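In case you want the letters, here they are:
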Amino acid sequence: MKKRAPISDIMTKKVITLNHTDDLETAERIFKSKKIRHIPVVSGEKIIGMLSYTDLLRISFADAVDEDEENVDTVVYNMFTIEQVMAKNLTSVSSTTTIKEVAELLAKKEFHALPVVDNNKLVGIVTTTDLINYLLEQF
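Reading the values: rules and limits
- One numbering rule holds for all chains: residues counted from 1, following each sequence as written.
- Reporting of local features is limited, given that this is a predicted model, to residues whose pLDDT is at least 70; pairs of side-chain atoms are given and counted only at 80 or more, and all residues count toward the totals for whole chains, interfaces and linings.
- Side-chain descriptors were evaluated using all non-hydrogen atoms of the structure, hydrogens and water having been removed beforehand.
- Exposure is judged per residue with a 1.4 Å probe applied to protein chains only, and the accessible area is read against the type maximum: over 50% gives exposed, under 20% gives buried, and values in between give partly exposed.
- The helix count covers DSSP runs of H or I at least four residues long, the strand count covers runs of E at least two residues long, and both are numbered beginning at the N terminus.
- By the convention used here, strands pair only if DSSP detects at least 2 bridges between them.
- By definition in these notes, contact holds between two residues if any of their heavy atoms fall within 4.5 Å.

**Concerning the pairing of strand E3 (residues 46–52)**
Alright, step 1. Most of E3 is tucked away, with 5 of its 7 residues classed as buried.
Alright, step 2. Looking at chain direction, strand E2 (residues 38–43) and E3 are connected through 6 bridges and run antiparallel. Paired with Ser43 across the bridge in E3 is Lys46.
Alright, step 3. Hairpin connection, E2 to E3: the antiparallel pair is bridged by 2 residues, and Gly44 has positive phi, about 70 degrees.

**Side note on unusual backbone geometry**
Alright, step 1. Unusually for a residue other than glycine, Asn119 sits at a positive phi of about 50 degrees.
Alright, step 2. Among the secondary structure elements, Asn119 is positioned in the loop between strand E4 (113–118) and strand E5 (121–127).
Alright, step 3. Assessed through its relative accessible area of 77%, Asn119 is described here as exposed.
Alright, step 4. Unusually for a residue other than glycine, Asn120 sits at a positive phi of about 65 degrees.

**Here we look at the environment of Met79**
Alright, step 1. By secondary structure assignment, the location of Met79 is in the loop between helix H2 (53–59) and helix H3 (82–85).
Alright, step 2. Taking C-alpha positions, Met79 is 9.5 Å from Leu24, a pair spaced 55 residues apart along the chain.

**As for the environment of Gly49**
Alright, step 1. Take Gly49: it is sitting in strand E3.
Alright, step 2. A relative accessible area of 0% places Gly49 in the buried class.
Alright, step 3. Separated by 37 residues in sequence, Gly49 and Met86 have C-alpha atoms that sit 5.9 Å apart.
Alright, step 4. Filtering out sequence-adjacent residues up to four positions away, Gly49 remains in contact with Pro40, Val41, Met86, Ala87 and Leu90.

Spatial relationships are all this shows, so hold off on functional conclusions.
This is the structure in C-alpha cells:
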C-alpha cells in the first residue's frame, strides 16, 4: 500500500452532475439508471452542493418504488427544488490529497462522498465505496 498515494488514483473522474436548475425527478432517474448514490450539483463549472439518494428518500417514498421501475411518483418531487434538498456546506478535497487523509475525513464525518476540486473546478468524486475497493485491491 502506497503511503502517500493521491486520491486522484482512485477517484471517479467522469463525474455525473446535476445542474441546480434540474428537477428531482431527473435526479431520481439518474440515481437509478446509473446505480449511484451521490451527485454533485453545479452552477456552470462551480460545485454548489451534493445530492444523495438518501436526501431523496427523506422527502419521498422512493424506497417503496421498485428499483427497476422507470416511472416515479413525482408529486413530492414537484414540491421541492434540488437546491432545497441538497447538502450545501460541502467539504471538498483536492486531487493531491492523500487516500489516507480522505479515509480519515470520511471516517470522522457523517457523509459518504467528497467532491474533488482543483482551482475551484470539480475534477472528481470519491466515495466510501472507492476506498473500500482500494483496500480490497491491497489483499
